[in-house]
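Observations on chain architecture
One letter stands for each residue in the lines below.
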There are 2 protein chains.
Amino acid sequence: MSNSNGKKTMAVGESYPMNGGDGPYSYSRNSIYQREVVDASKSMITEAIFDNFDIENSPSNRLNTIRIADLGCSVGPNTFMSVQNILQAIELKHKTIQQNPTSPESQIHPPQAQPQTLEFQVFFNDLTANDFNTLFMTLPPSSPPYFVAGVPGSFHHRVFPEASLHVAYSSYALHWMSRVPEEVVERDSPTWNKGRVHYTHNAKIFEAYSAQFKRDMEGFFRARAQEVVEGGLLLLILPGCQDGVLPCETSASLQHDLFGSCLMDMAKMGMISEEKVDSFNLHLYHTSPMEFRELIEANGYFHIEKMETFIPFPILKELPNFHELATHFRAAIEGLITEHFGSEIVEELFERYAEKMAQNTYVFDDLFDAQNIKEFMIFACLKRKVGDEGNGDLHFNSEENQFC
Amino acid sequence: MSNSNGKKTMAVGESYPMNGGDGPYSYSRNSIYQREVVDASKSMITEAIFDNFDIENSPSNRLNTIRIADLGCSVGPNTFMSVQNILQAIELKHKTIQQNPTSPESQIHPPQAQPQTLEFQVFFNDLTANDFNTLFMTLPPSSPPYFVAGVPGSFHHRVFPEASLHVAYSSYALHWMSRVPEEVVERDSPTWNKGRVHYTHNAKIFEAYSAQFKRDMEGFFRARAQEVVEGGLLLLILPGCQDGVLPCETSASLQHDLFGSCLMDMAKMGMISEEKVDSFNLHLYHTSPMEFRELIEANGYFHIEKMETFIPFPILKELPNFHELATHFRAAIEGLITEHFGSEIVEELFERYAEKMAQNTYVFDDLFDAQNIKEFMIFACLKRKVGDEGNGDLHFNSEENQFC
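As the structure is a prediction and not an experimental result, all values here were calculated from the model.

Conventions used here
- Sequence order sets the numbering: in each chain, residues are counted from 1 along the sequence as written.
- Think of it this way: whatever chain is written first is A, whatever ligand is written first is 1, and the rest follow in order.
- Totals for whole chains, interfaces and linings use every residue, but because this is a predicted model, local features are given only for residues with pLDDT of at least 70 and side-chain atom pairs only at 80 or more, for both listing and counting.
- Calculated side-chain values reflect all of the structure's heavy atoms, with hydrogen atoms and water omitted.
- Angles shown run from 0 to 180 degrees and are taken between the N-to-C directions of axes, each axis being a line fitted to C-alpha atoms and, for helices, limited to the stretch in contact.
- For helices the rule is a DSSP run of H or I covering at least 4 residues; for strands it is a run of E covering at least 2, with both sets numbered from the N terminus onward.
- Oblique is the label for every angle not falling under 35 degrees (roughly parallel), over 145 degrees (roughly antiparallel), or within 65 to 115 degrees (roughly perpendicular).
- Crossing handedness: left-handed means the near helix sits turned counterclockwise from the far one by under a right angle, and right-handed means the same turn made clockwise.
- It only takes one pair of heavy atoms within 4.5 Å for two residues to be counted as in contact.
- Only protein chains enter the accessibility calculation, which uses a 1.4 Å probe; a residue whose area is less than 20% of its type maximum is buried, one above 50% is exposed, and one in between is partly exposed.
- Each Phe, Tyr or Trp ring (for Trp, its six-membered ring) is paired with any other whose centre lies within 6.5 Å, and the angle between the two planes then decides the class: stacked below 30 degrees, edge-to-face above 60, tilted in between.
- To form a nonpolar core, buried Ala, Val, Leu, Ile, Met, Phe, Trp, Tyr and Cys residues must be joined to one another through side-chain atoms within 4.5 Å.
- Should a side-chain nitrogen of Lys or Arg be within 4 Å of a carboxyl oxygen of Asp or Glu, the pair is scored as a salt bridge.

Right, let's get into the packing of helix 2 (residues 32–52) of chain B against helix 3 (residues 78–99) of chain B. Geometrically, a packed helix pair is captured by the angle between its two axes and the distance between the axes. Residues and elements named next belong to chain B. Helix 3 packs onto helix 2 with a crossing angle of 20° between their chain directions and a minimal axis gap of 9 Å. Between helix 2 and helix 3, the angle falls in the class roughly parallel. The element helix 2 and its partner helix 3 pack so that their crossing is right-handed. Facing helix 2, whose interface residues are Gln34, Arg35, Val38, Lys42, Ile45, Thr46, Ile49, Phe50 and Asp51, helix 3 presents Asn78, Met81, Ser82, Asn85, Ile86, Ala89, Ile90, Leu92, Lys93 and Thr96.

Below you can see the structure in the form of structure tokens.
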């Protein structure tokens, strides 16, 4: 996407979304883990909406239309399930208020002020290169029904008009940063990440990633503060790890390190150049609850109604299927790999990755131990405060906006 | 798209939009005629918006966001030019009111009530199978900038929430009906269109098409009456012909007849079956100003601010390039042909069509004669009336809606 002066500022993350279509390596067929996250968070979402969403109190909702966005929706089917869940929760609350005029909710919002039926408009947002064609062609029937729109562009910038969303939701997407931190790929920098693709074993690299995540979240929350109506909700689910835990203590980071070592193996065998590996990094970051809370509070436009962590999968009893795990990762990053190294290495790389995991099962040790597990999902229910109570001017330079 | 009970009701037109991508037979590279329509209508659109669009008077626009839809946008570049033109006209009017507090417009809308800057959200709408990926990837820089959304679904039904659009625009799309009239393909019907693909030489078939167009426009205007805000504009451009003219008197209809005869030639040579030709018809209809006006008035929710006709191309001085003309038609209907006859006949069919036009240049005679030309484009600027002044209940069964 570009702004009015025509400048294209395409960062790494902008151009390579999840694999499209519905083939064997597509995201739509390899997002079972994300599906578990959706399933596990279902009751949390329902409860958060029921407890915190004031349908009728929003000053910009004089009509009976509720606008919802899924930020980083990819191609389904997970986004469709999440959206249905959100819609049903809103409808449940609406009906409860209408049917129980003596309920505490009805005292606050007298039923005569409420429209009889709600209309829903759902905005599916992801990077411009996301496979929106497949998304639209696979839309399932929904109850309640909704009007559909696809919104191309990075959620690190503005993608919606001012005060136009009542509920903005994002699941398993915020850990994708807008780009790899610059200093990590600069050959002369003390934080040059030579021979590795992530921050697993280097505190300085980790700091550089953390700083980039902070910049991204500043953009994200500033944009959402403008787009979400006062009193509207921002429901976020993202992978994270315990406060103070080192990256090398989590299974996710160790897996990324193994993946990087497969690339280095291939470089040593002359299949790709070592320079190529040195200049490649994963733009993934797993925050901690404390860091994330600080970022929300630094923005200041949202009140944290609830923040909790959960583990979406059962504690492991046996080792996972390594081939499935490798294919799952492939669905997410094949575009990146192909762009950087060429498509010819893809098959072998992910086969090697599955093998490497089988040879290094220690990376999964933590996931067997309920007492010791250091990684989880963070769920946050944020409510847009009334008025411009936040920190910083929201009406910043529109050049930053994700306008066409 | 399907509604809440999961029933799929896919009519012929729903599944086959213009050719996607940007290949040699794509709509994006074969829509020069539609581009001429956009160019020729530019000043009409600007004037219509300047004269009729009350930015600040709309009861549902307490924010500074203007929502615009292009209904039947296809894949560009024409839609981008049209949208830019509409946005610039709105911004021009807005600035004029702000800068000239003594102007008649400013007396009606005092400048202090107006927001300083406008935000625009543009909804690109077309059939679900439209190539939205190409549309999004080819979005050009725009001034003024706008937020982008793609909306899949037929404009013959609801595709937007209630009172959510300030300007709905449609160019060169309304002549595509939602389907071929049923009675035209029924073997036992007196209106079975055996051996032909359009209504060119048969008054009964023409009546059946006219009745289908009426049903489609009832759906179209009923949906728009709900979606366009009170005081909002519906700007329509569609091909038409003079009141009372027979289909066989227009070049467009004669061209369709030639196209049908190519299919029959191929059937006679055994390349396709005659039954296949008998069951194939073009779901295109060219209305007349009088008929179109009656359909708008039958709906009753829109006031006709302006209705005029124009010829977007210069009167012919020499015969057109037949190969180009055939390719242009191919970009629009290849999907239909492939579905019905298979892709293997496509090359030969359109080559034959170009040859057939070269052998029957009489079909272009009218286009050389400024005095006698019977076909043109119809431009209509309609304003949504205030209140429910129209005919019929707008809040009809939501089963008809183009909900997901």
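Picking up where we left off.
To continue, consider the environment of A:Val197. Residues and elements named next belong to chain A. Summarising the element assignment, Val197 is placed in the loop between strand 4 (165–171) and helix 6 (203–227). Taking relative accessible area as the criterion, Val197 reaches 2% and is therefore assigned buried. Along the backbone, Val197 and Phe310 are 113 residues apart, and their C-alpha atoms lie at a distance of 27 Å. Setting aside residues no more than four positions away along its own chain, Val197 makes contact with Tyr209, His256, Gly260, Leu263, Phe280, Asn281 and Leu282.

We now examine the environment of A:Ala69. Positionally, A:Ala69 belongs in strand 1 (residues 65–71). Each residue touching A:Ala69, except ones within four places of it in the same chain, is listed here: A:Phe123, A:Phe160, A:Leu165, A:Val167, A:Ala168 and A:Tyr169.

Let us now look at the packing of aromatic side chains. Residues and elements named next belong to chain A. Counted under the stated rule, the structure contains 41 aromatic pairs over all chains. Centroid distance Phe221 to Phe292: 6.0 Å. Interplanar angle 50°. Geometry classified as tilted. Taken as a pair, Phe221 in helix 6 and Phe292 in helix 9 (residues 289–299) lie far apart in primary sequence, 71 residues in all. Judged by relative accessible area, Phe221 falls into the buried class, the value being 1%.

Let's shift gears to unusual backbone geometry. Of note, the amide linkage connecting A:Ser143 to A:Pro144 takes the cis form, showing an omega dihedral of 0°. Considering the arrangement of structural elements, one finds A:Pro144 in the loop between helix 5 (132–137) and strand 3 (147–152). Residues other than glycine seldom take positive phi values, yet B:Ala163 does so here, at roughly 45°. Relative to the helices and strands, B:Ala163 resides in the loop between strand 3 (147–152) and strand 4 (165–171). Phi at B:Tyr172 is positive, roughly 60°, even though this residue is not glycine. Looking at the element boundaries, B:Tyr172 is found in the loop between strand 4 and helix 6 (203–227).

Another point: the nonpolar core. Judged by nonpolar contacts, the single largest core of 80 residues is most densely connected at A:Phe221, A:Phe292, B:Phe221 and B:Phe292. Not counting residues within four places of it along the chain, the set of residues in contact with A:Phe292 comprises A:Leu174, A:Phe213, A:Met217, A:Phe221, A:Leu236, A:Leu238, A:Thr287, A:Met307, A:Ile378 and A:Ala380. By size, the runner-up hydrophobic cluster in this structure holds 72 residues, among which are A:Tyr146, A:Val148, B:Leu118 and B:Cys381.

Evaluation of the coordinates by the stated rule reveals 32 salt bridges over all chains. For A:Arg158, the salt bridge identified is with B:Glu119, shortest N-O distance 3.0 Å. Taken together, the residues span two chains, with A:Arg158 in the loop between strand 3 and strand 4 and B:Glu119 in strand 2 (residues 119–126). Since its relative accessible area comes to 11%, B:Glu119 is described here as buried. Linking B:Glu227 and B:Arg158 is a salt bridge whose minimum nitrogen-to-oxygen distance equals 3.6 Å. One end of the pair, B:Glu227, is in helix 6; the other, B:Arg158, is in the loop between strand 3 and strand 4, and 69 residues separate them in sequence. By relative accessible area, which is 0% here, B:Glu227 ends up buried. Through salt bridges with shared partners, a single ionic network connects A:Glu119, B:Arg158, B:Arg224 and B:Glu227.

Functional significance is not addressed by these values, which are geometric in nature.
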